[in-house]
Amino acid sequence: MIHQNLNFLKQKIDRVSLKPGVYRMLDEEGNVLYVGKAKSLRKRLQNYLRTNQLSTRILTLMSKARDIITIETQSESEALLVENDLIKQFNPPFNILLKDDKTYPNLLITKEDFPRLMKHRGAHNIPGKYFGPFPSVDALNRVLEELQKYFGLRTCTNTYFKNRTRPCLLYQIKKCTAPCCSKISLSDYHTKIQQALQFLNGKTKDLQDQLTIEMKELSKQQRYEEAAVIRDKIISLNQIQNPNLHAGLENTDIIGLYKKNGQFCLQVFRYLTGRMQGHFSYFLEPIETDLSLVLESFLTQFYEKTNLPRQILLPASVSPTFARTLKTHIQIPPFRGQKRLLIENANENAKKSFIEHEQQTKISQSVWQELSDLFKVPFLKSVDVFDNSHIQGTNAVGVCIRTTPKGFDKNHYRRFNLSAETVNTRNDVAMMHLVLDRYLKRGLSEKTLPDLILLDGGRGQLSQVIPLFEKLGVYKTKLGAFAKTGGHEAGTETLYIMGQDNPIRLNPKSPLIHLIQRMRDEAHRFAITSHRQKRAKNMFHESLIDIEGIGAKRKKALLNHFGSIKILSGASVSEIMRVEGISEKIAKKIYTFYHN
């Protein structure tokens, strides 16, 4: 089939110009598989026709490709920009390198009158300045602690901030300047924000000089206590500087690289505020095999979601055009002295991480194959696990999580709200039946059912779902259930499989049981979290149910403004009146309800 594709594509490629530009490879349905750029479009595309020199990944791409669309540009620089825009627009599956970067936390300074310090994961959809990603929550917490200590910026939620009438404990221990209670002016607070930004950008020397000037000015005005506070900050900033760290490494990323069998490991060592914050590891199977192209693609995607550092030290060269487009100081080999040692260390770490990842992947593949063989699924690509959560039948929810050979796929997590009107929420078996009924009908219509479904439960749950499979005509998806048979001790799970009379008692020491336990624990975590969210929301609404004049619209407005019963019950009449749609009369009723 691939040779037929190549014959058609070769005719198109022969008509392509030698100019720089961007190309798109499409499948038979017209979906974009891959977007690439080239100095010379025809020469670049001709490389894809040499099948004896292509990697398995590129051969897979070419077997699916049915058409090529090209866009000519005036220069290589313009091609780079167009390529970046098209990747964002089409999200091609063979372009995506960084699928797990959303797991890393960022530091956000919000854009408000009194900006807030906060941790953030995921898309940068909140206005403000983002810093990161950080290698771990611990690394982020250390920076947050320093920012609070030196600059006294607030970390509380907006709801909490708007409803404070007196400073909290953080003000008492000098970790917040209490802007909520006007203990600091707007201009002074923004000065501290600018100082924090200098700190985060590694400009600690500039910040120290600025603080020194401010300290001397306060001393001249005989405001010695305030001057002493700034003096202590200067001393602290001196202490966090690493005397062995080259001054040029502040706000620097060092990239390590290791390649084997067409696979790459890239490690980013991040230096921030004058110290190394940690490192990230990325394991890639790119279409390209040229080191420069791999680096360019990686850096484009990595820095699209994070701030650029002052400088980047790379293990291989990139094109001058790309270096100018990235708009930061890029250094490439050869290196000397300390920078050479740093790059060598980064490359060695990348090699060790690759070997460890390779070994772990082999183990995971072996366990996944064992699960596949157990359920007699030739190519097991996905497993959905179901669980329920409730307290004595209240606030019941059912959940579904999806697992693949590469880990948990949170894009396919599902939550099902259950009510006493539709099912006996004290009956786990009945709830599982209802959840699977909804799920299977939708999955069949959208063709999104997995290869295997596992239920957190025993024979009872399985017996309730089997008739659904038969009634709806679900034949390709396998079904099983697992339950603890020795109390709540770990490693005592028994597996029940649809179509088999005898259950399977899993070996407590086998890797397979650990895989199933991880899936069960993740489903349980998601179920508990969903239940708590539903319970908190319902408690808020139920607490207002007996107050005359409070309907669904006002309940929603109060919930959005205060966020919890605790904050609402402690609010004054004037604070309650700030909520849209709440008059003085209604505010007094709410206040009286919670204070009688």
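Residues numbered from 1 in each chain as written. Predicted model: local features only at pLDDT ≥ 70, side-chain atom pairs only at ≥ 80, totals over all residues. Heavy atoms only, no water.

1. Some remarks on the sheet that holds strand β2 (residues 32-38)
Then comes step 1: A sheet is described by the order of its strands in space; here three strands give the open sequence β2-β1-β3, paired in antiparallel fashion. Unpaired on one side and paired on the other, β2 and β3 (67-72) mark the two borders of the sheet. Taking each pair of neighbouring strands and ignoring which way they run, the sheet shows an average axis angle of 20 degrees.
Then comes step 2: By the bridge criterion, six bridges tie strand β1 (residues 21-26) to β2 in an arrangement that is antiparallel. For Val22, the partnering residue across the bridge sits in β2 and is Lys37.
Then comes step 3: Of the strands in this sheet, β1, β2 and β3 are in contact with helix α4 (residues 76-90), which crosses β2 at around 165 degrees. (Pairing = 2+ DSSP bridges. Helix = DSSP H or I, 4+ residues; strand = E, 2+ residues; numbered from the N terminus. Axes fitted to C-alpha atoms, helices over the stretch in contact; angles between N-to-C directions. Contact = heavy atoms within 4.5 Å.)

2. Structural notes on the pattern of salt bridges
Then comes step 1: Throughout the structure, instances matching the rule amount to 15 salt bridges.
Then comes step 2: The closest approach of N and O atoms between Asp67 and Lys12, which form a salt bridge, is 2.8 Å. One end of the pair, Asp67, is in strand β3; the other, Lys12, is in helix α1 (residues 2-14), and 55 residues separate them in sequence.
Then comes step 3: Residue Asp67 is classed as partly exposed on the basis of its relative accessible area of 23%.
Then comes step 4: With a relative accessible area of 23%, Lys12 lands in the partly exposed category.
Then comes step 5: Between Glu584 and Lys588 there is a salt bridge, with its nearest N and O atoms 3.3 Å apart. One end of the pair is Glu584 and the other is Lys588, both in helix α20 (residues 584-595) and four residues apart, which spans about a single turn.
Then comes step 6: When its relative accessible area of 43% is taken as the criterion, Glu584 is described as partly exposed. (Salt bridge = Lys/Arg side-chain N within 4 Å of Asp/Glu carboxyl O. Buried < 20%, exposed > 50% of the residue type's maximum accessible area, 1.4 Å probe, protein only.)

3. Regarding helix α3 (residues 56-64)
Then comes step 1: The complete set of buried residues in α3 reads Ile58, Leu61 and Met62. Looking down the long axis of α3, one finds its buried residues gathered within 95 degrees of arc, a one-sided arrangement. (Arc of directions from axis to C-beta.)

4. Some details on the nonpolar core
Then comes step 1: In terms of nonpolar packing, the biggest core is built from 29 residues, with Leu107, Leu147 and Phe151 touching the most fellow members.
Then comes step 2: Contributions of two or more residues to this core are made by β4 (106-110), α5 (137-151), α8 (186-200), α9 (204-220) and α10 (224-240).
Then comes step 3: In terms of residues, this core owes the most to one element, α5, which gives seven residues.
Then comes step 4: Among all residues touching Leu107, those that are not within four sequence positions of it are Leu117, Met118, Lys129, Tyr130, Phe131, Phe134, Leu140, Val143, Leu144, Leu147 and Leu200.
Then comes step 5: Grouped together as the second largest cluster of nonpolar side chains are 25 residues, Phe375, Val385, Leu506 and Ala527 included. (Core = buried A, V, L, I, M, F, W, Y, C linked by side-chain atoms within 4.5 Å.)

5. Let's talk about the pairing of strand β8 (residues 263-272)
Then comes step 1: With respect to burial, β8 is a largely interior element, nine of its 10 residues being buried.
Then comes step 2: As judged from the nine bridges shared by strand β7 (residues 252-260) and β8, these two strands associate in the antiparallel manner. Looking at β8, one finds that Lys260 is bridged to Gln263.
Then comes step 3: Between β7 and the antiparallel strand that follows it, β8, lie two residues; Asn261 among them carries a positive phi value of about 55 degrees.

6. Description of the sheet that holds β4
Then comes step 1: The sheet built from three strands is open, its strands ordered β5-β4-β6 with antiparallel pairing. Lying at the two open borders of the sheet, with one neighbouring strand each, are β5 (117-120) and β6 (128-131). With strand direction ignored, the average angle separating the axes of adjacent strands in the sheet is 30 degrees.
Then comes step 2: As defined by bridge partners, β4 adjoins β6 across four bridges and the pair is classed as antiparallel.

7. Some thoughts on the confidence of the model for the protein
Then comes step 1: For the protein, per-residue confidence averages 82 on the pLDDT scale, and 88% of positions sit at 70 or higher.
Then comes step 2: Within the protein, α10 has the poorest average pLDDT of any element, 66, and β1 the best, 92.
Then comes step 3: Across residues 239-247, where pLDDT falls below 50, the model places 14 contacts with residues more than four positions away in sequence or in other chains. (pLDDT = per-residue confidence, 0-100.)

8. Thoughts on α5
Then comes step 1: Between the first and last C-alpha of α5 there are 21 Å, a value that for 15 residues agrees with the 21 Å anticipated at 1.5 Å per step.
Then comes step 2: Of the positions making up α5, those classed as buried are Ala139, Leu140, Val143, Leu144, Glu146, Leu147, Gln148, Tyr150 and Phe151. (Expected span 1.5 Å × (residues − 1).)

9. Things to note about the side chain of Thr403
Then comes step 1: Counting through the fold element by element, Thr403 comes out in strand β13 (residues 394-404).
Then comes step 2: Look at Thr403 and you get buried, because its relative accessible area is 5%.
Then comes step 3: When sequence neighbours within four positions are dropped, the list of residues in contact with Thr403 reads Trp368, Lys381, Ser382, Val383, Phe408 and Met519.

10. Comments concerning the packing of α5 against α8
Then comes step 1: It is at 10 Å that the axes of α5 and α8 come closest, and there the two elements cross at 140 degrees. Considered as vectors, α5 and α8 are oriented oblique to each other. In this structure, α5 crosses over α8, and the sense of that crossing is right-handed. Along the contact surface, α5 presents Val143, Glu146, Leu147, Tyr150 and Phe151, while α8 presents Lys192, Gln195, Ala196, Phe199 and Leu200.
Then comes step 2: Tallied by class, the residues present in the contact of α5 with α8 amount to seven nonpolar, one polar and two charged. (Parallel < 35°, antiparallel > 145°, perpendicular 65-115°, else oblique. Left-handed = near helix turned anticlockwise from the far one by under 90°. Nonpolar A, V, L, I, M, F, W, Y, C, P; charged D, E, K, R; others polar.)

11. A look at the packing of helix α14 (residues 428-446) against helix α15 (residues 459-472)
Then comes step 1: Following both chains from N to C, one finds α14 and α15 inclined at 30 degrees, their axes separated by 9 Å at the closest point. The angle between α14 and α15 places the two elements in the roughly parallel class. As for the relative orientation of α14 and α15, their crossing is right-handed in sense. Packed against α14, whose contacting residues are Asp428, Val429, Met432, His433, Leu436, Asp437, Leu440, Lys441 and Leu444, the element α15 presents Gly460, Gln461, Gln464, Val465, Leu468, Phe469 and Leu472 at the interface.
Then comes step 2: Broken down by class, the residue content of the contact of α14 with α15 amounts to nine nonpolar, four polar and three charged.

12. What about the environment of Val579?
Then comes step 1: Relative to the elements of secondary structure, Val579 occurs in the loop between α19 (573-576) and α20.
Then comes step 2: The class of Val579 is buried, set by a relative accessible area of 4%.
Then comes step 3: Separated by 25 residues in the primary sequence, Val579 and Arg554 place their C-alpha atoms 8.7 Å from one another.

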